Amino acid sequence: QQKNVSGTVRDQGDGQPIPGVSVRVSGSQTGTSTNADGTYTISVQAGASLVFSSVGYVTQTRQVGSGTTLNVELASDSKELSEVVVTALGITRKKNELAYAAQEVRAEDITRTRDNNLVNSLGGKVAGLDIRRNNTMGGSTNVVIRGFKSISGNNQALFVIDGVPVSNANINTANQQTGRAGFDYGNAAADINPDDVESMNVLKGAAATALYGSRAANGVIIITTKKGRKGSTNFSVNSGLTWGNIDKTTFPEYQKEYGAGYGTPATDGAGNPVPVPGFWYRDIFGNGKELITQFTSDASYGPRFNPSLLVYQWGSLDPSSPTYKQKTPWVAAANGPDKFYETALVSNQSIAIDGGGENTTYKVGYTRNDENGVLPNSKITKNLFNFGASREMAKNLRVEASANYSRIEGLGRYGTGYANLNPNQNFRQWYQTNVDMLELKDAFFRNRRNITWNWSDATGTRPIYADNPYFTRYKNLVTDSRNHFFGNITATYKFAEWLDVLGRVTYDGTGDLQEERIAVGSYAVSSYARTNRNASETNYDLLLNFKHDFSEVFTFRGLLGANLRRDNVNSIRAQTNGGLVAPDLYSLLNSVSPIEAPVEIYQRRAVDGHFASATFGYRNMLVLDATIRRDVSSTLPTTNNEFWYPSVAAGFTFSELMKQQTWLSYGKLRVNYAQVGNDAPPLSVYDVYTKPTSFDVLPLFSVSNTKNNPALRPERTRSLEAGVEASFFKSRLGFDVTLYRTLSIDQITPVSVSSATGYTARYVNAGEVENKGIELSLYGTPVKTQNFSWNINLNFTSNRNIVLKLDPDAGGNIELAALQGGVTLNAAEGQPYGVIRGTDFVYLNGQPVVLPTGYYKVTTQSNHIIGDPNPDFMAGLQNGLKYKNIALNFLIDMRQGGDLFSLDQWYGNGTGLYPGTAGLNDLGNPLRNTLANGGGIILPGVKEDGTPNNIRVDASTSAITPFGYSQNPPRAMRIYDASYIKLREVSLSYALPARLVEKIRPFKGVEASLIGRNLWIIHKNVPYADPEDALSSGNLSGYQSGSYPAVRTIGFNLRFKL
Amino acid sequence: CAKDKSDYNIDIKNPQVATAPPLFTAAAKSFSDIITSPSVNNNPFRFYAQYWTSTEYLDEPRYNLLARPIPQAFWQALYRDVLMDLREARKLITADQFMAAPTKASQLAQTEIMEVMAWSTLVNTYGNIPYSEALDVTKTQPKYDDAATIYADLLTRLDAALTTLNSGATGYGAADVFYNGDIAKWRKFGNSLKLRLGLILADKDPAKAKTLIEAAAPNVMTSAADNLTFRYMKTTPNNNPIANATNPGLTTRKDYVGAKPFIDKLNSLQDPRRAGFFTTVGGNFVGGYYGFSNSYSNFSTLNPKIAAYDFEALLLDYTEVEFALAEAAARGFTVPGTAETHYNNAITSSILYWGGTTAQAATYLARPDVAWSSASANYREKIGLQKWIALYNRGYDAWVEWKRLDYPVLAPPSPATAPPGETISPGLVIPVRLIYPINEQTLNTANRAAAASAIGGDLITSKIFWDVN
């Protein structure tokens, strides 16, 4: 007798209806799920049983009685005991069985504020995770777990999506990463459709990742995508739009008193006096000598503004300008460089369908993301497709497959670093405060020519140092595209209740094309360069899973497996030589001189791994986990390429012994030890020669600059970790605290050597780096009533990094990068990784010493440690407030400590851009007056005899100013504390109440949100810049040059479920 | 499986085997590049000789060696890019069992002469340097050797190479970018180098200098056809590095103008080479204030032909040889010819090289402030001045000669040399030495420290052993 049964499923605790509960007829595949208001209807045989299950609740089975209504209340599960998480190699474990630190982030926490870059969304949400981003459109984000371990190797976490290791490689050039010219092409892990993510699990320590062997040292971020569910069809549409504007607290303010020039010479150099010092005095239009702006000077140390003074300015040389051959008032620009920035607009549209029948499930998703950046003529378009399906092919045989395809197209990515392609190099370092941005804009758009404020001479035909920034954006265009495919096919066969076997093939492949252009008429030599890069990784996995419960109390899980990994990088970069022949033809054949041989790179890596693990459990209380992996890597010398990586972990759920203590919901102690590794970079074993371009018909060969090493061993990281997690009062309050220490030894690194050896570097196994730290997660629900709840989640990380030992020949220091401005980043013995070296102040009694000249005394050597980019601690505080259908979430993200060297301040103060370089001195006179005229300033500090400094130093020209680069003040003067506190994310969302949703069927749910990102920098110490803005992903940090301002984003998002 | 994938670690895109000739050519180019480059990153010597000064950026004309790692770049270019490739070439030649003996002898001798030239450049710049333990990656912290000892060894090696140069073979043949396998010219070049090194030693060890110079003098370059020139090409990257910094086809920057001390002197001498050296401003040759900001358009800048892509680099020339012979004669060494003849030959050769005529040269030589008989009683002063002018555009060699002869008298930027209305803190001195690279401080600490104390401190004022005045 078939009949319809209906009812409502509610939460036992607060009585709220629960949507999405699976309602299944016991012993069959028939089922449904509850609607948004928690109701369901199902047709069943009388006497049948219904199984109600939902994540986070204890599954309940109820027999259908005589009635047609069956209301159910589900008890919330103690999630720590039963929640299933995905661990290394895709193995699922109950959280209770984990004996190492792993922190889960749920989809809603990632997608809430709709950041294009999934990786950015992790910031502040996981203890131990250091997310370093930059402010360029589509720029790369660096993800480091528990500190930098490898001196020159990769330190970024491994991303694994549904079992597929997915590249997050940095494909930016070495120049770009060291703050010279380049573009940031982003990180491929950002190509994932955030709407397809179900959850992310961050495996932090080596014990958690040991099964990945030689690639496990940096931690793993496991991403699980959404899956279709049997017997249901879901359809959801998401539509969002955000606007972004630069945060002006992260952009320069300018002094408004003085304009173009490096100084105010009283004569024209040939000895002839100039009526107004600081201008040129020449006849450029055949009508007699007139005052002319020093427009070749990319500085603002020139004459004082005076509205009644008329001078020829840069626009006077442009025949199409309204001010052609006209003099204009000498005033500060009405429109500064901030006007160059536009409103960013991001549209995000996605659609997802999932569902399933009796034996199959499927999902299909598509996201389109259109981003217009804050710079003119910048755009990134992302098309992300994902597909996944599973089918029970036969009894006990299950096949799953997924395929993801992303196409990323970039137009006008931002130029970065110390380069004319980065407009901030001018705006922050070399600029004239008299230049009006809107006039520059008009000047470019009149004829789309390079009409610049920085002419090379009075004929006004070419720029000397700086292009018109609009010309840069519209003509010196970079475009790029990436095709990214990843997916897997997995078959699982269940031989018996205690044994199943899994076979899996995964593939991740990217194909990048980058085209960089310098137009004819630019400051730089015109050129066209293209890079084609293909990279792929294929993995073949075979896993045997054993499961045996010796008794009710004693359980066993076992694993035997093998993994074959094959990587391939194949790239070619070619560029024109000596300029372009025809303007606007961007083709290699348009080269003035014959092109040089393109740079070809072909790198392969093969790693074969065999591994085993065993997990013993006792009464849900004790768990002992041991793993072993053996890797053979092709990147190491063949005689010495086999290595073993063991781990052992133990967990003790002490709350099982304290069940009578009702205040304690859950408590576990865990301790573990593991050894993991890092193999060598490909091609670092055998020597090759370099072959420069032939000299006419004569070939050239040269000995390589780096000496390779046929005796390399893999890097190893030993990790010891202990932690406690506990929750109280029905899980209303909980914490998870972990202490860890990792020691990375046998670092494979190209160590600098005295170039008197004939080489500048050689590969060695050298160095030990220690990271130790504490991670703390605290969560609580201070308020929970029928209508209102408040959740708090705090993550705190403090990591201490120290380079314990280096190769004896390294002289106690490995230079990681030498940077513009005379500072270096280093791994130095006894110091944290990445310390900044340069000249320092000379101190007396803690005060900087000032010389009799009035300038700071500077150390004679430039290898003083003047900064440490590593933060003291990082914290993220998430708050979720919910009243009925309205939810407010916000995230405060902070970073305390860590230094950076600002090349922007180093140069910009030397060229007189910033307010501190003008104004009045202690005497009440303009400080830019000469000393004779009462100008100059007294630098804070003491004289060499220890008395307070009272010597006034001249600051009247760029060449002698004590503020910036020209007199070589200590580099330490431009080191800043990069701490910040940011209101990172805010969202206010409203879900349509169930009773309203019912009226607008077929919708199952409608949610509208207002969202904001990076709304407020609550605290920072770096002037006129975003302390967080980095050069690129990668190992280098603590340096800003041409930094991009932060972008405040607001917008809305609509989500429909059908 | 991966165990058998040893080929994965072979770089199939770069050569694993090489022969000596391309290494030699590469070393020759690298040597010419570093000596000729005007880049503020690696070669500040046109500033130090006060031929040029900069328009805006004053670190380098004001002798700052820390703002950019110049000592590192110069050192690295010579060790890594020149000497290492020569050493590798020598290794390959020696190991080649099938090469004809005369060719082998000549190639080894050519390699050796180039090595001597590069090593002596290092000594003349830094003083004590790693030598006996250098170019060996198994000795990652090479000790520094005494500069005088190195010099002695270099002269021994040079003599040995001169005897093994085999006229019966073309040596490197076409790969010899200097003389295209003309061994006779190599012999002249080798002897001219010996003459140069002999003179450098002359104040320190006159007896040895006399021996060296008298042996070399009959065999040196006899015309401009013998010059050691590197002939750059019209296409990048094989163009003259001067073009990279000054040619409008490669840069819009306008960083250099002629320096006032040099141009003022040319003007006072009505030097016929001015037009070859510089452009004019309003018909005049006007030099910028050395070490101060100078507006580009107000001053003479380099003649565009110097900025040409294929402008040749002179590394050792007939003019220089004639000046050397003049000085040797003035010092009383027995060399063919008189001091005056050589002096006149040198100046004439230089004027012709820079586009002048023999008539102009004759007029010039007749000036009382030029003529050997009347210019100065002090041969150091008159040769110093004229050699300075003749070595224009060869900043490095001019700097070495200035250190050695102590003429012309050059003044560092100071309040006295400042343009009207500007000033500078006093105390700058012109370097007579580059400091050791920063890298040596960190990577070769103990040896560098020992060397520093041995030479009287790692300072720009510590004199090279031969610089006795």
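Residues numbered from 1 in each chain as written. Chains lettered and ligands numbered in written order. Predicted model: local features only at pLDDT ≥ 70, side-chain atom pairs only at ≥ 80, totals over all residues. Heavy atoms only, no water.

### A few points about the overall build of chain A
Then step 1. Helix and strand content of chain A: nine helices and 63 strands.
Then step 2. Relative to its length of 1058 residues, chain A is compact, with a C-alpha radius of gyration of 32 Å against a globular reference of 31 Å.
Then step 3. Dimensions of chain A, computed from C-alpha atoms along their principal axes, come out at roughly 110 × 70 × 65 Å.
Then step 4. Residues classed as buried in chain A amount to 59% of the 1058 residues present.
Then step 5. Accessible surface computed for chain A: about 38800 Å², of which carbon and sulfur atoms make up 56%. (Helix = DSSP H or I, 4+ residues; strand = E, 2+ residues; numbered from the N terminus. Rg over C-alpha atoms; globule rule 2.2 N^0.38 Å. Buried < 20%, exposed > 50% of the residue type's maximum accessible area, 1.4 Å probe, protein only. Areas by Shrake-Rupley, 256 points an atom, 1.4 Å probe, with all protein chains shown as cover.)

### With respect to the side chain of Asp541 of chain A
Residues and elements named next belong to chain A.
Then step 1. Mapped onto the fold, Asp541 is located in strand S30 (residues 527-549).
Then step 2. Judged by its relative accessible area of 7%, Asp541 is buried.
Then step 3. Among the polar contacts listed, one links the side chain of Asp541 to the side chain of Asn563, at a separation of 2.7 Å.
Then step 4. Other than its neighbours up to four places away in sequence, Asp541 contacts Leu502, Gly503, Arg504, Ala562 and Asn563. (Polar contact = N/O pair within 3.5 Å; in protein donor to acceptor, adjacent residues only side chain to side chain. Contact = heavy atoms within 4.5 Å.)

### With respect to the pattern of salt bridges
Then step 1. Scanning the model with the defined rule gives 91 salt bridges over all chains in all.
Then step 2. One salt bridge connects Arg106 of chain A with Glu108 of chain A, and the closest N-O pair in it is separated by 3.8 Å.
Then step 3. The class of Arg106 of chain A is partly exposed, set by a relative accessible area of 47%.
Then step 4. Overall, Glu108 of chain A belongs to the partly exposed group, its relative accessible area being 44%.
Then step 5. Here Glu409 of chain A makes a salt bridge to Arg407 of chain A, at a shortest N to O gap of 2.8 Å.
Then step 6. The network of salt bridges with common partners includes Asp203, Glu327, Arg331, Arg380, Lys387, Glu401, Arg404 and Asp406 of chain B. (Salt bridge = Lys/Arg side-chain N within 4 Å of Asp/Glu carboxyl O.)

### Things to note about the packing of aromatic side chains
Residues and elements named next belong to chain B.
Then step 1. Tallied over the entire structure, the rule returns 95 aromatic pairs over all chains.
Then step 2. Ring geometry for Tyr79 versus Trp119: centroids 5.6 Å apart, planes at 80°, classification edge-to-face. Of the two residues, Tyr79 sits in helix H3 (residues 70-95) while Trp119 sits in helix H4 (residues 101-126), which places them 40 residues apart along the sequence. Neither residue differs from the other here; Tyr79 and Trp119 are each classed as buried. (Phe/Tyr/Trp six-rings, centres within 6.5 Å; stacked < 30°, edge-to-face > 60°.)

### Quick notes on the sheet that holds strand S10 (residues 102-106) of chain A
All names here are of chain A.
Then step 1. The strand order S10-S16-S17-S13-S14 describes an open sheet built from five strands, whose pairing is mixed. The sheet terminates laterally at S10 and strand S14 (164-166), the two strands that pair on one side only. For this sheet the average axis-to-axis angle between neighbouring strands, irrespective of direction, equals 25°. (Pairing = 2+ DSSP bridges. Axes fitted to C-alpha atoms, helices over the stretch in contact; angles between N-to-C directions.)

### A closer look at empty space enclosed by the protein
All names here are of chain A.
Then step 1. Volume-wise, the largest cavity comes out at about 550 Å³.
Then step 2. Looking at the lining of the largest cavity, the elements that each hand over two or more residues are strand S18 (232-246), strand S23 (344-356), strand S25 (379-394), strand S60 (980-991), strand S61 (1005-1020) and strand S63 (1047-1057).
Then step 3. With three residues, S18 is the single largest residue contributor to the lining of the largest cavity.
Then step 4. A per-class count over the lining of the largest cavity returns 12 nonpolar, 16 polar and 12 charged. (1 Å grid on protein atoms, 1.4 Å probe; cavity = no way out; pocket = protein on both sides within 12 Å on 5 of 7 lines; lining within 4 Å. Points joined across faces, edges and corners; volume = space filled by probe spheres on them. Nonpolar A, V, L, I, M, F, W, Y, C, P; charged D, E, K, R; others polar.)

### A word on the side chain of Thr381 of chain A
All names here are of chain A.
Then step 1. Position of Thr381 among the secondary structure elements: in strand S25.
Then step 2. We classify Thr381 as buried; its relative accessible area is 9%.
Then step 3. Those residues in contact with Thr381 that lie beyond four places of it in its chain are Arg368, Asn369, Asp370, Arg407, Ile408 and Glu409.

### Examining unusual backbone geometry
Then step 1. The omega angle of the peptide bond from Thr236 of chain B to Pro237 of chain B is 5°, so this bond is cis rather than trans.
Then step 2. With an omega dihedral of 0°, the bond running from Tyr407 of chain B to Pro408 of chain B counts as a cis peptide bond.
Then step 3. In this structure, Pro408 of chain B sits in the loop between helix H15 (395-405) and helix H16 (438-443).
Then step 4. Phi angles above zero are rare outside glycine, and Arg619 of chain A is one such case at about 50°.
Then step 5. Taking relative accessible area as the criterion, Arg619 of chain A reaches 47% and is therefore assigned partly exposed.
Then step 6. You will see that Asn1014 of chain A, though not glycine, has its phi angle at about 50°, which is positive.
Then step 7. Positionally, Asn1014 of chain A belongs in strand S61.

### A word on helix H5 (residues 147-164) of chain B
An α-helical segment advances 3.6 residues per turn. Residues three or four places apart therefore align on the same side.
Residues and elements named next belong to chain B.
Then step 1. An ideal rise of 1.5 Å per residue puts 26 Å on 18 residues; H5 measures up with 26 Å between its terminal C-alpha atoms.
Then step 2. Regarding H5, the residues found buried are Ala147, Ile150, Tyr151, Leu154, Leu155, Arg157, Leu158, Ala161 and Leu162. On an axial view of H5, the arc spanned by its buried residues comes to 165°, and they lie on one face. Facing away from the buried side of H5 by more than 90 degrees, the exposed set consists of Thr149, Thr156 and Thr163.
Then step 3. Elements in contact with the buried residues of H5: H3, H4, strand S2 (129-130), strand S3 (144-145), helix H6 (183-201) and helix H7 (206-216).
Then step 4. Capping of H5 at its N-terminal end is provided by Asp146; its side-chain oxygen lies 3.2 Å from the backbone amide nitrogen of Ala148. (Expected span 1.5 Å × (residues − 1). Arc of directions from axis to C-beta.)

### Quick notes on the sheet that holds strand S55 (residues 899-902) of chain A
Sheet strands pair by backbone hydrogen bonding; their relative direction is either parallel or antiparallel.
Residue and element names in this part refer to chain A.
Then step 1. Pairing is mixed in the open sheet, where three strands are placed in the order S59-S55-S62. Every other strand in the sheet has two partners, leaving strand S59 (975-977) and strand S62 (1039-1040) as the edge strands with one partner each.
Then step 2. Bridge count between S55 and S59: three bridges; the pairing is antiparallel. Considered in S59, the bridge of Leu900 is made with Tyr976.
Then step 3. Here helix H8 (residues 903-910) sits on the sheet in contact with S55, S59 and S62, set at roughly 35° to S55.

### A few points about the interface of chain A and chain B
Note: interface size is frequently given as the accessible area lost on complex formation between the parts.
Then step 1. With 92 residues of chain A at the contact, the number on the chain B side is 86 residues.
Then step 2. Buried area between chain A and chain B, summed over both chains or domains, comes out near 7400 Å², and the portion from carbon and sulfur atoms is 55%.
Then step 3. On the surface where chain A and chain B come into contact, there are 33 residue pairs in polar contact (both at pLDDT 80 or more).
Then step 4. Put simply, the parts of the chain that give the side of chain A that touches chain B at least two residues each are strand S19 (280-282), strand S32 (577-580), strand S34 (599-618), strand S39 (702-703) and strand S47 (813-819) of chain A.
Then step 5. When residues of the side of chain A that touches chain B are assigned to their parent elements, the largest contribution, seven residues, is made by S34 of chain A.
Then step 6. Split by residue class, the side of chain A that touches chain B holds 37 nonpolar, 35 polar and 20 charged. (Buried area = accessible area lost by both parts, 1.4 Å probe.)

### What about the environment of Ala612 of chain A?
Residues and elements named next belong to chain A.
Then step 1. Within the fold, Ala612 resides in strand S34.
Then step 2. Assessed through its relative accessible area of 21%, Ala612 is described here as partly exposed.
Then step 3. Spatially, the C-alpha atom of Ala612 lies 8.0 Å from that of Leu211, the residues being 401 residues apart in sequence.
Then step 4. Among all residues touching Ala612, those that are not within four sequence positions of it are Leu211, Leu559, Leu560, Ala626, Thr627 and Ile628.

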